[in-house]
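# Results of the structural survey
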Amino acid sequence: MTSDLVFILLALLTIVPAVWVVFSPNIVHAGFALLFTLFGVAGLYAYMGADFIAVTQMMVYIGGVLVLVLFTVMMTRVPLGKRANYGLDRFVPAGVLSLAVFGLLYKSITSVDWGAGHTEAVPTVAEIGTNFMTNYIFPFEYVSLVLLAAMIGAAILIREEKFSEDEPENGETEVQS
Amino acid sequence: MTIVFDTLAKIGFFFVLIMGLVVVLIWMERKGAAFIQDRTGPNRASIGGVRLAGLVHPVADVFKLLFKEDVAPANRHAALYNLAPWLVMTVAMSTYAVIPFGDYLTVAGRRVPLVAADLSVGLLYVLAIASLATYGVVMAGWASNNKFTFLGGIRATSQMISYEISMGLALMGLVLVFSSLRLTDIVAGQGDLIWGFLPKWGVVVQPLGFILFIVAVFAETNRNPFDLPEGESEIVAGFHLEYSSMKFALFFMAEYAHMVIGASLIATFYFGGYQIPWLPRPLIEANAGLILTLKLIGVALISMMIAMLFFRRAQKEKGKFGDARDREPVLGAGLWVLVAGGALAGLVLKPWTIGPVGADMVASLLQVMAFVAKVVFFAWLFIWVRWTLPRFRYDQLMHLGWKVWLPLGLANLVVTALVMAIV
């Protein structure tokens, strides 16, 4: 009974701010609402006994991704006092697309046998780590390669373009070396 | 039902510890700053002429802040503006859920572990909660609708993101050594001895990791030399500029709560948590009577000495002020004599004949006291550093975080892994 109550509270914590994220005209408010949604999702993971994933969700999405999202949103487009206005021309295609995705998800969720029962919570960290280092070493390394590529790309994008301006100086250093 | 009660009791312990330490730390900060700058420090607030060396000031502050008018900017985003101080305070307190403040306590035959939530991913939980701390600050900065507060919020964000990484990397070395993410395991592992004489504290096995971690903790708590989000000389007061009365007090208390938590984390990860070096729990329990007797005698002797110091001052400064202040040294001497008398009165109960139940309690109590003593010491370190070092420039901060601390953290991790693989 109490576990059902916990689930309902967590689900509400996830869904209510999610609705706010979608319908809030203020994009910064939407960002802060997303904080509670992600927190609720982390709570749901913890509720299902996936302690490692719950904490990782908090660390990666709340501590990393969302902070950066808010950071950029605040810097680029802060509608202080003003409200962003979207017309019908955006609502209709977005609505059609969302309904289609919702239908797909609903179909797949209802057709899968999820298995019953709320199992006893056991620590998962050691098992996840062992699996990463043995059975799933290739996907693990592959993902880190993708991240490395993204990091190198970001570093190249933000680099100051010195070469076009200081061409002769560059030539000199090349000769020296 | 008992587990609910146990957890509530532990939360209560931490609430009292944090709130009590916040009050003491504010006093320590003012008196410490005065000591370092060769001043007297706050000594004016008094209750009936008794000043208690400025300890009355935090009480006066509380009353002042409670009864002050709450001035808020007209163009604020009301919901976020009101939520931010609570978020900051809540996040600051919730780290404590996983910090063990003692081994266990036997209550009515049950062994109660002295940690509110012994998570298997406790260390990651600490890091996750630390990253949550950013939100309250950003929310306050943005919702106040002021360019200075906004700058403070932005600074806090980028600073916390930058130092979270080196903090995590420093802790990963510790995880390799103690091979667990559970904080109780890490603390228990620090009770061992290396080569039979050196306590296996985190600072001994991970000296570089300790330096990396302590600097990252300073940056995460937004304390000097990393208090750029406040930066009163550049951005007035940063993110809490537009807050007044009790909302400001919440930010202020959260800063000290963060200090308490930073000190607890340093003590837990690198200084053995509740472990007393060379005195493991079985040894304490076996010699509880002797330890308790010695302790009572020690407390009595030390408080007698302090009382004598006060008494000498009372003799020397007799009639110096000509008002209620003259009574203060006498009062201080009296208080310490009372403490000494209490300790000596304890000896009448024959503490050396203590039974096994009492021995268990003595051991738990000693461990909790060791933990609190370490926390207070590192909290004092925070104050000491704040009044000794100047503030970093923003580019220096970023340079240190990304170009020095991050490579050092990686090097520490790799070298630790290599050593662990060889040994």
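Residues numbered from 1 in each chain as written. Chains lettered and ligands numbered in written order. Predicted model: local features only at pLDDT ≥ 70, side-chain atom pairs only at ≥ 80, totals over all residues. Heavy atoms only, no water.

### Here's the deal with the packing of helix 3 (residues 78–94) of chain B against helix 4 (residues 122–143) of chain B
Residues and elements named next belong to chain B. Quick note on the threshold: Every angle, taken between N-to-C directions, lies between 0 and 180 degrees, and every axis is a line fitted to C-alpha atoms, over only the stretch in contact when it is a helix. Helix numbering and strand numbering both begin at the N terminus, where a helix is a DSSP run of H or I of at least 4 residues and a strand a DSSP run of E of at least 2. In what follows, roughly perpendicular refers to angles from 65 to 115 degrees, roughly parallel to angles under 35, roughly antiparallel to angles over 145, and oblique to any angle outside these ranges. It is the rotation of the near helix from the far one that decides the hand of a crossing: anticlockwise by less than a right angle makes it left-handed, clockwise makes it right-handed. The contact criterion used is simple: two residues touch if any of their non-hydrogen atoms lie within 4.5 Å. Residues are grouped as follows: Ala, Val, Leu, Ile, Met, Phe, Trp, Tyr, Cys and Pro are nonpolar; Asp, Glu, Lys and Arg are charged; all remaining types, including Gly, are polar.
Their axes nearest at 8 Å, the elements helix 3 and helix 4 cross at an angle of 160°. The pairing of helix 3 with helix 4 is recorded here as roughly antiparallel in orientation. In the packing of helix 3 onto helix 4, the handedness of the crossing is left-handed. Here helix 3 contributes Leu80, Tyr81, Leu83, Ala84, Leu87, Val88, Val91 and Ser94 to the contact with helix 4, which in turn contributes Tyr125, Ile129, Leu132, Ala133, Tyr135, Gly136, Val137, Met139, Ala140, Trp142 and Ala143. Its residues assigned to classes, the contact of helix 3 with helix 4 shows 17 nonpolar, two polar and no charged.

### Describing the environment of Lys295 of chain B
All names here are of chain B. Following the sequence through the fold, Lys295 ends up in helix 12 (residues 288–316). With 129 residues separating them in the primary sequence, Lys295 and Ser166 have C-alpha atoms 41 Å apart. With near-sequence residues (within four places) excluded, Lys295 lies in contact with Leu366 and Met369.

### Quick look at the domain arrangement of chain B
Cut-off, in case you're wondering: Domains are outlined according to an automatic or database domain assignment.
Domains assigned within chain B are domain 1 (62–275 + 391–422) and domain 2 (288–354). Each of domain 1 of chain B and domain 2 of chain B has a C-alpha centre, and these two points are 37 Å apart.

### Description of the confidence of the model for chain B
Low pLDDT marks regions whose predicted coordinates should not be analysed in detail. How we decide: On a range of 0 to 100, pLDDT expresses the predictor's confidence in each residue.
The share of residues in chain B with pLDDT of 70 or more is 96%, and the mean pLDDT across the chain is 81. By mean pLDDT, helix 9 (residues 232–235) of chain B is the weakest element of chain B at 72, and helix 8 (residues 207–220) of chain B is the strongest at 88.

### Digging into the pairing of strand 2 (residues 110–113) of chain B
Residues and elements named next belong to chain B. Worth spelling out the cut-off: Following DSSP output, two strands are said to pair if at least two bridges run between them.
In the sheet, strand 1 (residues 104–107) pairs with strand 2 via four bridges, with the strands oriented antiparallel. Across the sheet, Val107 pairs through a bridge with Arg110, a residue of strand 2. Counted along the chain from strand 1 to the antiparallel partner strand 2, the turn is two residues long, and its residue Ala108 has a positive phi close to 50°.

### Thoughts on the interface of chain B and chain A
To keep things clear, this is the line we draw: Summed over both partners, buried area is the accessible surface (1.4 Å probe) that two parts give up on being assembled. In what follows, salt bridge is the name for a side-chain nitrogen of Lys or Arg lying within 4 Å of a carboxyl oxygen of Asp or Glu. For the purposes of these results, a polar contact is taken to be a pair of N or O atoms within 3.5 Å, where, inside protein, one atom must be able to donate a hydrogen and its partner to accept one; residues adjacent in sequence count only when each atom of the pair is a side-chain atom.
Contacts between chain B and chain A engage 25 residues on the former and 26 residues on the latter. Counting the surface lost from both chain B and chain A, the interface buries some 2300 Å², and carbon and sulfur atoms represent 84% of this. The tally of links between chain B and chain A comes to zero salt bridges. The interface formed by chain B and chain A includes three residue pairs in polar contact (both at pLDDT 80 or more). Elements with a contribution of two residues or more to the side of chain B that touches chain A: helix 3, helix 4 and helix 5 (147–178) of chain B.

### Focus: unusual backbone geometry
Residue and element names in this part refer to chain B. Cut-off, in case you're wondering: Only protein chains enter the accessibility calculation, which uses a 1.4 Å probe; a residue is then buried when its area is under 20% of its type maximum, exposed when over 50%, and partly exposed in between.
Its identity is not glycine, yet Asp38 carries a phi of approximately 60°, on the positive side. Among the structural elements, Asp38 can be located in the loop between helix 1 (2–36) and helix 2 (57–67). The class for Asp38 is exposed, based on a relative accessible area of 71%. The phi angle at Ser179 is positive, at roughly 40°, despite the residue not being glycine. Summarising the element assignment, Ser179 is placed in the loop between helix 5 and helix 6 (183–189).

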